[in-house]
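Take a look at the letters that make up each chain.
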Amino acid sequence: MKRIVVLGAGFGGLQTVLGLEKQFHKRPDVEIVLVNEQNFFLFTPLLPQIASSYINPRHIVQALRDIRGSRRFRFRRDQARAIDLDARRIELTSGPLDYDTLVIALGSRADYFGVPGAAEHTWDFKSLENAVVFRERVLDVLEHADHTEDAELRRKLLTFVVVGGGYTGVELISELHDFMHRYVAGRYRGIPPSEIRLVILEAAPEILRGVHPKLARHSLRRLERQGVEIRLASHATRCFADGVEINGKEIVPSLTVAWTAGVRAVELVERLPGPHDRIGRAMVNEHLQLEGHPEVFVIGDSCAAMTAKDAPRVAPVAIAQGRIAARNIAHRERNEALESYHYVSQGVLVSLGMNHAVVSIGGIQFSGYFAWLFWNAVHLYKLVGFKKQIQVTLDWMLGEIFPRDSSIVRRPVGCKLCGTPQTKSRTA
Ligand SMILES: Cc1cc2nc3c(=O)[nH]c(=O)nc-3n(C[C@H](O)[C@H](O)[C@H](O)COP(=O)(O)OP(=O)(O)OC[C@H]3O[C@@H](n4cnc5c(N)ncnc54)[C@H](O)[C@@H]3O)c2cc1C
């Protein structure tokens, strides 16, 4: 029996497993094992809408056992801790797992660029759990600001900073803006909308790098018109429990700072032997194989790097690489020539909140309401599972009619200052 192990059930890993099923469906001698630390697939593009209580967190995940259905691959909910390439063995939390062929599709982690205090005091926005915790943090500070009379504390409570003006940062601040003005303004009577401050810090001289300049400018102007402060050429140089320092000079007081500024490879990938790029991604050949280990494929925009032109860090890259990895594993089995991966852009879609988006596809750029409808249609189509598609559609429709859900599941945990939880942990 030969065993193919796929580590990671995100966009890349899931696509690999589905491809392997097709390639090996008549090969009972080949075992396919998918390992992931959660037992669900997360549709990350809709994470910002969790922060704004627009959609229900459970609606953007699909249980892996449901995705599997009658397919024969095995799923193991576990965490990979080490990979021994020479012994062809993975150390999982529950014990070792041997492989003949390995696909590493472990995604990314936040890159704090060594900024002191960033890891401890900012909210990372990469997982469902983090998005849920961040949503509750936003609601927590609003609950406090509603009755606090201390002016300085109110300023800190009502200033929301997003570090990073890329796709995620812009979508997140747009969602927060929607939430503040569509919901908070009417329900929290102690919070005048004029006191709410939304800030984006971007180290580059522009936001949305990589997006068509016309659309990036359009997004900037729209956000500014909405009252979002966009601080360009502004590096977060230190982070504190109650603020963030910009360019080593100014401090923006805030109790809620989200970090979307950068990603790097996960530690397991950084520890792989052989060359890596500046964000820790393993260098692979054009067939996505690790140097010196043709039986190991590394895929995904944050795990694998090639010497060729760098691809953007978006899901279509991981999906395309997952498909090729699956086919190349089959080609190796049959002693056939392997396929090469080449990046092909599939366009760019950025939501600027309810009723507005910017889209660049096939050389055409457009923005506004129709771009937003297009954004919705594409994301709905890509969401895994018909039930989830219905649930998200209903969330969106109900969001137009009814108020958002601002309930906080946790009980309040007091701090000396104001009763606002000072830790990022859900269970604090
Ligand atoms: C908030 C946000 C919004 C985004 N919006 C968009 C968008 O609109 N469009 C777009 O194209 N891209 C978007 N992206 C980027 C997109 O999510 C990534 O490009 C894509 O997820 C990469 O796929 P992947 O398979 O490489 O990694 P992932 O999808 O991250 O999957 C990695 C998997 O590995 C698992 N894992 C990690 N470590 C271990 C371990 N040690 N053991 C076991 N399992 C492990 C993780 O739990 C995860 O399930 C967004 C990302 C974020 C965070």
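Below or above, wherever it landed, is the structure these notes cover.

The rules behind the values
Residues numbered from 1 in each chain as written. Predicted model: local features only at pLDDT ≥ 70, side-chain atom pairs only at ≥ 80, totals over all residues. Heavy atoms only, no water. Helix = DSSP H or I, 4+ residues; strand = E, 2+ residues; numbered from the N terminus. Rg over C-alpha atoms; globule rule 2.2 N^0.38 Å. Buried < 20%, exposed > 50% of the residue type's maximum accessible area, 1.4 Å probe, protein only. Contact = heavy atoms within 4.5 Å. Areas by Shrake-Rupley, 256 points an atom, 1.4 Å probe, with all protein chains shown as cover. Lys, Arg positive; Asp, Glu negative; His and termini not counted. Charge placed at Lys NZ, Arg CZ, Asp CG, Glu CD. Phe/Tyr/Trp six-rings, centres within 6.5 Å; stacked < 30°, edge-to-face > 60°. Pairing = 2+ DSSP bridges. Axes fitted to C-alpha atoms, helices over the stretch in contact; angles between N-to-C directions. Near = heavy atom within 4 Å. Polar contact = N/O pair within 3.5 Å; in protein donor to acceptor, adjacent residues only side chain to side chain. Nonpolar A, V, L, I, M, F, W, Y, C, P; charged D, E, K, R; others polar. Expected span 1.5 Å × (residues − 1). Arc of directions from axis to C-beta.

### Section: the overall build of the chain
- Secondary structure assignment for the chain yields twelve helices and 26 strands.
- Expected size for 428 residues packed as a compact globule is a radius of gyration near 22 Å; at 22 Å, the chain falls within 12% of this value.
- Referenced to the eigenvectors of the C-alpha coordinate spread, the extents of the chain come out at roughly 70 × 45 × 40 Å.
- A buried classification covers 52% of the 428 residues belonging to the chain.
- Taking as baseline every contact in the chain between residues at least 6 positions apart, the subset at least 24 positions apart corresponds to 66%.
- Accessible surface, the chain as shown: approximately 19,600 Å² in total, 52% of it carbon and sulfur.
- Positive and negative charge centroids in the chain, built from 55 and 47 side chains respectively, lie 4 Å apart.

### Considerations on the packing of aromatic side chains
- In the structure shown here, the tally under the stated rule is nine aromatic pairs.
- Between the aromatic rings of F11 and F43, the centroid separation amounts to 6.0 Å while the plane-to-plane angle is 55°, which identifies the pairing as tilted. A residue pair is termed long-range when its members are at least 10 positions apart, and F11 in helix 1 (residues 11-23) and F43 in the loop between strand 3 (40-42) and helix 2 (48-51) qualify at 32 residues.
- Residue F43 is classed as buried on the basis of its relative accessible area, which comes to 3%.
- Ring centres 6.0 Å apart and planes at 70° place the aromatic pair Y369 and F370 in the edge-to-face group.
- Among the residues examined, Y369 registers a relative accessible area of 44% and is labelled partly exposed.
- Classification of F370 by relative accessible area gives exposed; the value is 62%.

### Some words on the sheet that holds strand 18 (residues 256-259)
- Strand order in the open sheet formed by five strands is 11-18-12-13-14, and the pairing between neighbours is parallel. Pairing within the sheet leaves two strands with one partner each, and these edge strands are strand 11 (123-124) and strand 14 (229-231).
- Sitting on the sheet, helix 5 (residues 128-145) touches strand 11, strand 12 (159-163) and strand 18, and the angle it makes with strand 18 is about 160°.

### Regarding the site of the ligand
- As a matter of local geometry, the ligand sits amid 28 residues, with G12, N36, T44, A80 and A315 nearest to it.
- With respect to the ligand, the backbone of V314 contributes an N or O atom lying 3.4 Å from an oxygen atom.
- Relative to its free-state accessible area of 1,000 Å², the ligand is covered by the protein chains to the extent of 84%.
- Within the residue set of the shell around the ligand, elements represented by two or more residues are helix 1 and helix 10 (315-333).
- Looking at the shell around the ligand, the element that brings in the most residues is helix 10, giving three residues.
- Its residues placed into classes, the shell around the ligand shows twelve nonpolar, eleven polar and five charged.

### Here's the deal with helix 8 (residues 213-225)
- Over its 13 residues, helix 8 extends 18 Å from the first C-alpha to the last, a length consistent with the 18 Å expected when each residue adds 1.5 Å.
- Among the residues of helix 8, those classed as buried are L215, A216, S219, L220, R222 and L223. Burial along helix 8 is one-sided: seen end-on, the buried residues are contained in an arc of 165°.
- Its buried side turned inward, helix 8 meets helix 7 (167-187), strand 14, strand 25 (357-361) and strand 26 (364-368).
- The first or second residue beyond helix 8 is G227, which carries a positive phi of 95°.

### Let's talk about the environment of R238
- Assignment of secondary structure puts R238 in strand 15 (residues 236-240).
- For R238, a relative accessible area of 37% corresponds to the partly exposed category.
- Each C-alpha atom of the pair R238 and A118 lies 6.8 Å from the other, and the pair is 120 residues apart in sequence.
- In contact with R238, not counting residues within four places along its chain, are V115, P116, V244 and E245.

### Description of unusual backbone geometry
- With phi around 50°, L208 is a residue other than glycine that occupies positive phi space.
- Inspection of the secondary structure puts L208 in the loop between strand 13 (197-201) and helix 8.
- According to the relative accessible area criterion, L208 is buried, its value standing at 2%.
- For N355, which is not glycine, the phi dihedral falls at a positive 75°.
- On the secondary structure map, N355 appears in the loop between strand 24 (348-351) and strand 25.
- Under the relative-accessibility criterion, N355 is labelled partly exposed at 28%.

Nothing here speaks to function; it is geometry throughout.
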